[in-house]
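A structural walkthrough
Letter by letter, the chains look like this.
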Amino acid sequence: MRHFGYLSAAETAALFEVPPEEFDRASGTELLSVALGATLYMPADRPALAADIVKQAAAGVTSVTVCLEDSIPDAGLPAAVDNLVDALTAVHHDAVHDDPVLHNTAHEGVAGDRALPLLFVRVRAPDQIAEVVGRLGPAVAVLAGFVLPKFTATSGTAYLHALDLADRAAGTELLAMPVIESGAILYAETRVDELTRLRALLHRDRRRILAVRLGATDLCALFGLRRSPDLSIYDVKVISSLIADVVNVLGRADDTGFTVTGPVWEHYGAAERILKPLLRQSPFDAHGERELRGRLVSRAIDGLIREVQLDAANGLRGKTCIHPSHVAVVNALSVVSAEDHRDAGDVLSIGEGGGVRASGHRNKMNEARPHTAWARRTMLRSRVFGVAAENVSFVDLLAASLPR
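Presented here is an overview of the structure given in this document. (Residues numbered from 1 in each chain as written. Predicted model: local features only at pLDDT ≥ 70, side-chain atom pairs only at ≥ 80, totals over all residues. Heavy atoms only, no water.)

1. A short note on the overall build of the protein chain
Scanning the protein chain for helices and strands turns up 17 helices and 13 strands. Over its C-alpha trace the protein chain gives a radius of gyration of 21 Å, about what one expects of a compact globule, namely 22 Å for 404 residues. In terms of its C-alpha atoms, the protein chain occupies a principal-axis envelope of roughly 60 × 55 × 50 Å. When burial is assessed residue by residue, the protein chain has 52% of its 404 residues classed as buried. Put simply, of all contacts in the protein chain between residues at least 6 apart along the chain, 76% involve residues at least 24 apart. Just so you have it, the protein chain exposes about 17,300 Å², and 54% of that area is on carbon and sulfur atoms. Charged side chains in the protein chain number 42 positive and 50 negative. The centres of these two groups are separated by 5 Å. (Helix = DSSP H or I, 4+ residues; strand = E, 2+ residues; numbered from the N terminus. Rg over C-alpha atoms; globule rule 2.2 N^0.38 Å. Buried < 20%, exposed > 50% of the residue type's maximum accessible area, 1.4 Å probe, protein only. Contact = heavy atoms within 4.5 Å. Areas by Shrake-Rupley, 256 points an atom, 1.4 Å probe, with all protein chains shown as cover. Lys, Arg positive; Asp, Glu negative; His and termini not counted. Charge placed at Lys NZ, Arg CZ, Asp CG, Glu CD.)

The structure is reproduced here in structure tokens:
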């Protein structure tokens, strides 16, 4: 699969100095954790789940989580599991039917000539992993792994053990994305101990931990909070302080850290706004996209844009999305600018001896020692999201990605 694969060859050439690379399930966790980008959540009880997965893949979604947890009412859980198994079995059948060679390669994310997204299932409890894997049978080949909710240093052991057993049953290695969303990690009196124990647990199973996700909705619920479209999660101090601590302990750039993804943005429709819009007019005017700005503001997408920028500034990569309209925004903001790409290249070219040189744009300094980790991460992101052409902005990328 490839980000922005829905663009024509001409559009890709016009928008990208370096186009995004292809990636698949076998690309390794370091690259895949960055390639996740916007991970779209779908309830497992959607009537046309298989068709929706294929449809969203064609629209540019490269990672999907099918949810059996909070999005499903208790009474509807058995039917939701049935629907999930039927949908993934249908997806697998189509892959094998379109090309018999895919019997052994469907897990790489291909269904015939259609690229499937990385597929994950969010379960409710550890024992549900065995149920899903057992019922899928050969169709488990289309599954990349599981999202593990309410993950704590205590519950996490059972989840990871269940994955070990599932690996043996499925004959493959399933990836894991634990979700941090418990009171043990949010409350001040237990946070440091919980984070320390979590780090030790995750390191013991490091090979399968693709990313650590933040369950902001559940965390806010512990204090009866819900942010409005005028505010970001970073305005909710009890949550933003946790994000800082999670990145501090689990997101370090010294090869001991994990990718930590941004929390969900809950708003996707028109809503009453109290504060001024957060998008400047001039970039949209400069690129002839004033109408696009109006559409974004009317649907509170300006708030999402601000939050994605704050995610990046605070060490988070990618984002949980609950609406397809958010995917293009998150992924467009993940493209590396031509200026950042050149700065990163300059930093890495200085060498291990250290030193500093002026940016090629003559607007900042590039210093080897403090900027090397940033440069390496930027180069990794440029591989999967590409490098924008000179004078191509987020506005151009978004205009090419959103339906008119």
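2. Topic: unusual backbone geometry
One non-glycine residue, Asp 255, lies in the positive phi region at around 75°. Within the secondary structure, Asp 255 is located in the loop between helix H10 (237-250) and helix H11 (282-286). In the Ramachandran plot, Asn 391 falls in the positive-phi region, its phi being about 70° despite a non-glycine side chain. Summarising the element assignment, Asn 391 is placed in the loop between strand E13 (387-388) and helix H17 (394-401). Note on Asn 391: relative accessible area 68%, which makes it exposed.

3. Comments concerning the packing of aromatic side chains
With the rule as written, the count across this model stands at four aromatic pairs. Aromatic pair Phe 4 and Tyr 6: ring centres 6.2 Å apart, planes at 55°, arrangement tilted. These aromatic residues form a ring-pair network of at least three members: Phe 4, Tyr 6 and Phe 16. (Phe/Tyr/Trp six-rings, centres within 6.5 Å; stacked < 30°, edge-to-face > 60°.)

4. Some thoughts on the pattern of salt bridges
In total, this model carries 31 salt bridges according to the counting rule given. Note that Arg 290 and Asp 285 form a salt bridge whose closest N and O atoms lie 3.0 Å from each other. The exposure class of Arg 290 is exposed, given its relative accessible area of 53%. Exposure remark for Asp 285: the relative accessible area of 34% places this residue in the partly exposed category. It is possible to trace a salt-bridge network through shared partners that takes in Glu 69, Asp 70, Arg 122, Lys 150, Glu 181 and Asp 218. (Salt bridge = Lys/Arg side-chain N within 4 Å of Asp/Glu carboxyl O.)

5. Quick word on a nonpolar patch on the surface
A contiguous nonpolar patch, built from Tyr 187, Leu 222, Phe 223 and Leu 225 and spanning about 330 Å² of accessible area, is present on the exposed surface. Judged by its relative accessible area of 37%, Leu 225 is partly exposed. (Patch = residues over 30% accessible without salt bridge, like charges linked within 9 Å, V, L, I, M, F, W, Y side chains within 5 Å.)

6. Some thoughts on the side chain of Gln 128
Structurally, Gln 128 is set in helix H5 (residues 127-136). Accessibility expressed as a relative area gives 6% for Gln 128, which makes it buried. From its side chain, Gln 128 meets the backbone nitrogen of Arg 124 in a polar contact 2.7 Å long. Those residues in contact with Gln 128, other than ones at most four positions away along the chain, are Leu 68, Leu 77, Val 81 and Val 123. (Polar contact = N/O pair within 3.5 Å; in protein donor to acceptor, adjacent residues only side chain to side chain.)

As far as function goes, none of this settles anything; it's purely spatial.
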